[in-house]
Amino acid sequence: MAIINWATAKYEGLGKDGKGQVSTQSGALKDQPYGFNTRFDNQPGTNPEEQIAAAHASCFTMALSFGLAKLGFSKGSLASKVEITLVKEGDGFAITKSEIKLAAKVPGMSGADFEKAAVEAKLTCPISKLLNCDVTLDITSFEGS
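The sections below set out a description of the structure shown in this document.

### Description of helix α2 (residues 48–70)
Part 1: Taking 1.5 Å as the rise per residue, α2 with 23 residues should run 33 Å; its terminal C-alpha atoms sit 33 Å apart, in good agreement.
Part 2: Residues of α2 that are buried include every one of Glu49, Ala53, His56, Ala57, Cys59, Phe60, Thr61, Leu64 and Leu68, and no others.
Part 3: Those residues of α2 hidden inside the fold are in contact with α1 (36–40), β4 (77–89), β5 (92–105), α3 (111–124), α4 (126–130) and β6 (134–143).
Part 4: Two or three places before Glu49, at the start of α2, stands the capping residue Asn47, its side-chain oxygen 3.1 Å from that residue's backbone nitrogen.

### Looking at the packing of α2 against α3
Part 1: Running from amino to carboxyl end, α2 crosses α3 at an angle of 130°, the nearest separation of the two axes being 9 Å. One finds that α2 runs oblique with respect to α3. The element α2 and its partner α3 pack so that their crossing is right-handed. Residues Phe60, Ala63, Leu64 and Leu68 of α2 lie in contact with α3, whose contacting residues are Phe114, Ala117, Ala118, Ala121 and Lys122.
Part 2: Considering only residue class, the contact of α2 with α3 consists of 8 nonpolar, no polar and 1 charged.

Rules used throughout
- Residues numbered from 1 in each chain as written.
- Predicted model: local features only at pLDDT ≥ 70, side-chain atom pairs only at ≥ 80, totals over all residues.
- Heavy atoms only, no water.
- Helix = DSSP H or I, 4+ residues; strand = E, 2+ residues; numbered from the N terminus.
- Expected span 1.5 Å × (residues − 1).
- Buried < 20%, exposed > 50% of the residue type's maximum accessible area, 1.4 Å probe, protein only.
- Contact = heavy atoms within 4.5 Å.
- Polar contact = N/O pair within 3.5 Å; in protein donor to acceptor, adjacent residues only side chain to side chain.
- Axes fitted to C-alpha atoms, helices over the stretch in contact; angles between N-to-C directions.
- Parallel < 35°, antiparallel > 145°, perpendicular 65-115°, else oblique.
- Left-handed = near helix turned anticlockwise from the far one by under 90°.
- Nonpolar A, V, L, I, M, F, W, Y, C, P; charged D, E, K, R; others polar.

See the structure below:
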């Protein structure tokens, strides 16, 4: 079984003067503006790194949720924030890190078991597998037994 999702990007003009629009199959993003100013000057709109961060945060959190359910837990809450690091590299740029910051509450679970499940989710999440950079995990808070 293969699931195929798609997104489109358009760009009018070239270089710093160009302006783009990105849309996703689901419509969650529809003609969202992006370009040099949204990527490097904090102008309104989106950018590729923000979209990667959203994909990684949602994928990891869902993977962890399913992992915890497989272990028999049915109640709890998970909140992830992913920070993507973009650095200047030669004449271009490179993504060098995806840092997952995780806060969770899973009643009845030990911290050691939770950490093991979180690391497993980090390693097996499809977006973690896709990224060819340092993927780290920082459990910022955990409440269990």
